[in-house]
Amino acid sequence: MKHIVLSFALIILLCSCTSNASKSTITKEMAYEGVSNYCHSAYDWTVAEDNPDIMTLEMGEETDSAYQVVFRSYTGALVYFNVDKTSGSTKMVEYVPTLDIKNDAGTINLFDYI
């Protein structure tokens, strides 16, 4: 009888560990890497060859459900990439601070760029 109870307890423990692990499939490093790969394929980085500081990519705010990665273009525009930690679905919002204009810039699947 003890073996059955111990086996049952072990199964419950293993199931709870795997379900908790599946809740956060995207790590901060994966979010940064995927957005970086996307930005390098979608935007022209040649203008930053002589001065790499004019185009940057950095981590932004983090919530329980999403990471934010921020791309700054040489034009001064910012693109906020909001990466869902579970699905990898990434919403992009472009913001031009000098004009105070914010536009929805579409979505990508982060897994396509990792």
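> Describe in detail the overall build of the chain, supporting the description with residues and values.
Of the regular secondary structure elements, the chain holds two helices and five strands. When the helices and strands of the chain are placed in sequence order, the string is α-α-β-β-β-β-β. Burial analysis of the chain (114 residues in total) assigns 27% to the buried set. Across the chain, every contact between residues at least 6 apart in sequence was considered, and the portion connecting residues at least 24 apart equals 31%. In the structure as shown, the chain presents an accessible area of about 7600 Å², 57% of it carried by carbon and sulfur atoms.

> So what about the packing of aromatic side chains? Which residues, and what values?
Across all of its chains, the model carries five aromatic pairs by this definition. Arranged with centres 5.7 Å apart and planes meeting at 70°, the rings of Y38 and F81 form a pair that is edge-to-face. Remark: F81 occurs in strand β3 (residues 78–84) and Y38 occurs in helix α2 (residues 28–42); sequence separation between them is 43 residues. An identical accessibility class is assigned to Y38 and F81; each is buried. Here Y43 and F71 contribute two aromatic rings whose centre-to-centre distance is 4.6 Å and whose plane-to-plane angle is 5°, an arrangement assigned as stacked. Pair noted here: Y43 is in the loop between α2 and β1 (56–62) and F71 is in strand β2 (residues 66–72), with a separation of 28 residues, a long-range link. Taking the relative accessible area as the measure of exposure, Y43 reaches 26% and is therefore partly exposed. Taken together, the ring pairs in this structure connect Y38, Y43, W45, F71, F81 and Y113 into an aromatic cluster.

> Describe the environment of T56, and please don't skip the residues or the numbers.
As for its placement among the helices and strands, T56 is situated in strand β1. By relative accessible area, T56 is classed as partly exposed at 25%. Apart from the residues lying within four places of it in its own chain, the contact partners of T56 are V70, F71 and R72.

Here is what the cut-offs are and how they apply
Residues numbered from 1 in each chain as written. Predicted model: local features only at pLDDT ≥ 70, side-chain atom pairs only at ≥ 80, totals over all residues. Heavy atoms only, no water. Helix = DSSP H or I, 4+ residues; strand = E, 2+ residues; numbered from the N terminus. Buried < 20%, exposed > 50% of the residue type's maximum accessible area, 1.4 Å probe, protein only. Contact = heavy atoms within 4.5 Å. Areas by Shrake-Rupley, 256 points an atom, 1.4 Å probe, with all protein chains shown as cover. Phe/Tyr/Trp six-rings, centres within 6.5 Å; stacked < 30°, edge-to-face > 60°.

So, to be careful, I would describe these as geometric facts and stop short of saying anything about function.
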